[in-house]
Amino acid sequence: MIGEGEFSVTPEPDDGFAPFEPVDPEPERESASSTRRRSDPLDADEDAERRRRRARRRRTEPAAPPPSAASSVLLPTVVATIVASVVAALVAVFVAAFVVHSLDEIDGFDDAAYGIDEGASPPPSRGELGWTIRGVVTVDDGTEVIRYTIPDDAVLVRIRLEAETDVDAWARFGAVDDDGEWCFQGTGDTGIEEGELSRNDHGDFAAGPFVVWVSSLGAAEDVPYTLTVDVVRARVSGALSPGESVHRGATSPETGYRHVVSIVGAGEGDALRVDLIDAERDLDFFVGLDATVSAESAIAKAETPMAHESLVIDAETHPELFAEGAAVHVVVVDPSQLPHPARFGLVVTSGRQPPPSITALPELTSPSDPLQRAILTVVDVGLAESSGSGTVLNGRGVILTAWHVVETAGETGDGELDPIVIGVSTDPREIAHEAFRARVLRSAPELDLALLEVTSGLHGRPLPASYRLPACPIRRGWEPRIGEPLVTIGFPETGGPGSRVPVTYARGVVSGFDRGRDGGHFVKTDAFIASGSSGGAALDAAHHLVGVPLIKRAEVDGKQQMGYLLPIEQIPEAWWPLITESGE
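Everything numeric here is computed off the predicted structure, so don't read it as measured data.

Participant: Would you mind showing me how to read the sheet that holds strand β10 (residues 236-240) here?
Facilitator: What links the strands of a sheet is backbone hydrogen bonding, and the strands pair in either a parallel or an antiparallel sense. Pairing is mixed across the open sheet formed by five strands, whose spatial order is β10-β12-β17-β14-β15. The sheet is open, and its two borders are formed by β10 and β15 (300-302), each paired with just one other strand. Between one strand and the next, the sheet's axes are offset by a mean angle of 20°, whatever the strand orientation. Bridging between β10 and strand β12 (residues 258-263) involves four bridges; their strand directions are parallel. Along β12, the bridge assignment pairs Val236 with Val260.

Participant: Mind showing me how you'd approach helix α4 (residues 370-377) here?
Facilitator: One turn of an α-helix holds 3.6 residues; hence residues three or four places apart share an orientation. Within α4, burial applies to Arg373, Ala374, Ile375, Leu376 and Thr377. Residues of α4 that are buried sit in contact with β19 (378-382), β20 (387-392), β25 (485-490) and β28 (537-539). For α4, the N-terminal cap is Asp369; the gap from its side-chain oxygen to the backbone nitrogen of Leu371 is 3.2 Å.

Participant: Is there a simple way to think about a negative patch on the surface in this case?
Facilitator: A contiguous patch of negative charge on the surface is contributed by Asp140, Asp141, Glu221 and Asp222. Within the secondary structure, Asp141 is located in the loop between β2 (132-137) and β3 (143-150).

Participant: Mind showing me how you'd approach the pattern of salt bridges here?
Facilitator: Working definition: two side chains of opposite charge can pair if their charged atoms are close together. On inspection of all chains with the given rule, the structure shows 17 salt bridges. Note that Arg160 and Glu194 form a salt bridge whose closest N and O atoms lie 2.6 Å from each other. Of this pair, Arg160 sits in strand β4 (residues 154-163) while Glu194 sits in strand β7 (residues 192-198); the two residues are 34 residues apart in sequence, bridging distant segments of the chain. Between Arg281 and Asp334 there is a salt bridge; the shortest N-O distance is 2.8 Å. On the criterion of sequence distance, the pair formed by Arg281 in the loop between β13 (271-277) and β14 (284-288) and Asp334 in the loop between β17 (328-333) and β18 (342-350) is long-range, its members being 53 residues apart.

Participant: I would appreciate a short explanation of the side chain of Asp275 in the present structure.
Facilitator: Relative to the assigned elements, Asp275 resides in strand β13. Within the local environment of Asp275, its side chain forms a polar contact with the side chain of Arg273, the two groups lying 2.6 Å apart. One polar contact links Asp275 to Ser310, side chain to side chain, over a distance of 2.5 Å. Residue contacts for Asp275: discarding those within four places in its chain leaves His308, Glu309, Ser310, Gly345, Leu346, Val347, Pro355, Ile358 and His459.

Participant: Got a minute to help me understand the nonpolar core in this structure?
Facilitator: Across soluble globular proteins, nonpolar side chains show a tendency to be buried alongside one another. Core analysis: the largest hydrophobic core is formed by 55 residues, its most contacted members being Leu400, Val406, Ile422, Phe436 and Leu451. If sequence neighbours within four positions are ignored, Ile422 has contacts with Val379, Asp380, Val381, Ile399, His433, Glu434, Ala435, Phe436, Ala438 and Leu452.

Participant: Help me out: how do you make sense of the sheet that holds strand β23 (residues 433-444) in this one?
Facilitator: Taken in spatial order, the six strands close into a barrel running β19-β20-β21-β24-β23-β22, and their pairing is antiparallel. The mean angle between the axes of side-by-side strands here comes to 40°, regardless of whether they run parallel or antiparallel. Taken together, the five bridges between β19 and β20 define a ladder with antiparallel strand orientation. Among the inter-strand pairings, Val379 is bridged to a residue of β20, identified as Gly390.

Participant: Sorry if this is basic, but what is going on with the environment of Thr292 here?
Facilitator: In this structure, Thr292 sits in the loop between β14 and β15. A residue is classified by how much of its surface remains accessible, and Thr292, at 17% relative accessible area, is buried. Taking C-alpha positions, Thr292 is 8.9 Å from Asn200, a pair spaced 92 residues apart along the chain. The residues contacting Thr292, other than those within four sequence positions of it, are Asp152, Asp153, Val155, Arg199, Ala234, Arg258 and Ser297. In this structure the side chain of Thr292 is engaged in a polar contact, spanning 2.5 Å, whose partner is the side chain of Asp290.

Reading the values: rules and limits
- Residues numbered from 1 in each chain as written.
- Predicted model: local features only at pLDDT ≥ 70, side-chain atom pairs only at ≥ 80, totals over all residues.
- Heavy atoms only, no water.
- Pairing = 2+ DSSP bridges.
- Helix = DSSP H or I, 4+ residues; strand = E, 2+ residues; numbered from the N terminus.
- Axes fitted to C-alpha atoms, helices over the stretch in contact; angles between N-to-C directions.
- Buried < 20%, exposed > 50% of the residue type's maximum accessible area, 1.4 Å probe, protein only.
- Contact = heavy atoms within 4.5 Å.
- Polar contact = N/O pair within 3.5 Å; in protein donor to acceptor, adjacent residues only side chain to side chain.
- Patch = residues over 30% accessible without salt bridge, like charges linked within 9 Å, V, L, I, M, F, W, Y side chains within 5 Å.
- Areas by Shrake-Rupley, 256 points an atom, 1.4 Å probe, with all protein chains shown as cover.
- Salt bridge = Lys/Arg side-chain N within 4 Å of Asp/Glu carboxyl O.
- Lys, Arg positive; Asp, Glu negative; His and termini not counted.
- Charge placed at Lys NZ, Arg CZ, Asp CG, Glu CD.
- Core = buried A, V, L, I, M, F, W, Y, C linked by side-chain atoms within 4.5 Å.

Below is the structure:
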């Protein structure tokens, strides 16, 4: 350390000159040892060489400044050195304090124990979002409480608790002594408790206090644990002005299972239309005035089980969205919160009519391969509250399905029909492309059968007179035999993520028969039938339609043992003219 009035000089690197040597104030006085060194021949040579170097230095170096000038150079050097030393000391103190603070933050709490009992003390410790708390739940206390502060722009909270033995966790929004429902309860016995709380679907999601209880009640010894609580913040990923430009995006866990787009110039018309297109699974969207809008706070929203969502917002009904300078946001959300991204397109237009770019009908041709043709003719049948499968029977778009799939189709509160949406498998690797609307043409609830008719494209565009849908060939007069091969095709709920799934093909055999209440008979099969398969196709080995899958029965440990289908011969005779009338 440099003391008061002291300074240090750092030696310069060897540059070929002799190092600085202090001048002896009395050169004529020499010690005996000095005299003896000079009498040594080697010392004499060294002395001579030293004198030569000094002479060279005197010839090449400027003369030394006078004492006053030397003092003026030396004083600033001393001051500069002292100042540098003081700054270095302050920096060292600051770094040490920062390290101590950081270690304290990493630890995340002060080892204070706190019980779930609201009157317990001392108060809970404070955790920092994103930091991992390493703590110990003691046998004496049994519970620790850590409080957090959720920022205003948070859209997702993630919780992960780990321990070598069973430790449970509860959490809720609000202060420790607030009343409220638990929004997270991790009470498994694996030593790991984790979960996600999303603003998308948690009505009690709120900025501000957030409290986590960690408990090992009943443990025989202290239990170490680690706890991490982190948030995902809202962010705007793009902007659209009312027009026909398409914004492409994706929801993902990294974005809180949402994607936010702002609308520029939303208030320039009397209505605003938003269309969600090309979604990879069932997605919804909310419209509001900030990027954190949720189902609870949305001014308008579209949240049906469909992959394609449309919403028309009227300026008279929602004037706040059309006010000058309003920051309108569309938030696309993934209600299934699956770990892999879901891509989509978003179109925003002025007015109520759909833009021409999204009203085109799919170009459908009948494949020559019987299996590929069958896959294309089995369609997804969807309503706002239910979904199932169906089979196209002729080119005009007459579809056979199960009655229970479409029985909820009827008038809505606005006096409009709840539309039946028909999706086709243009790519079996993807969910069905929702392309048409249909109505109930005939129904037989006692047989659980219904006949539908395609009426228009998805957005109400009439089908051209020459437009044809691929149709499945029908095998009339089928006499099933036990052991005969069967194929089922449909859209079972277990066939993919969310409420919209890709088409599923399964093979089996005729397993037996059973009587129906009306005296008819069912065919039993081990071919896969599950919720969502109802109304689809049961095909013979040549992929001709022979029956309609209706129900599954006899489950053991959640595994299907037998499915039931209605033979095609059970279709009411009065329906056949509608089916065979091709109109082609």
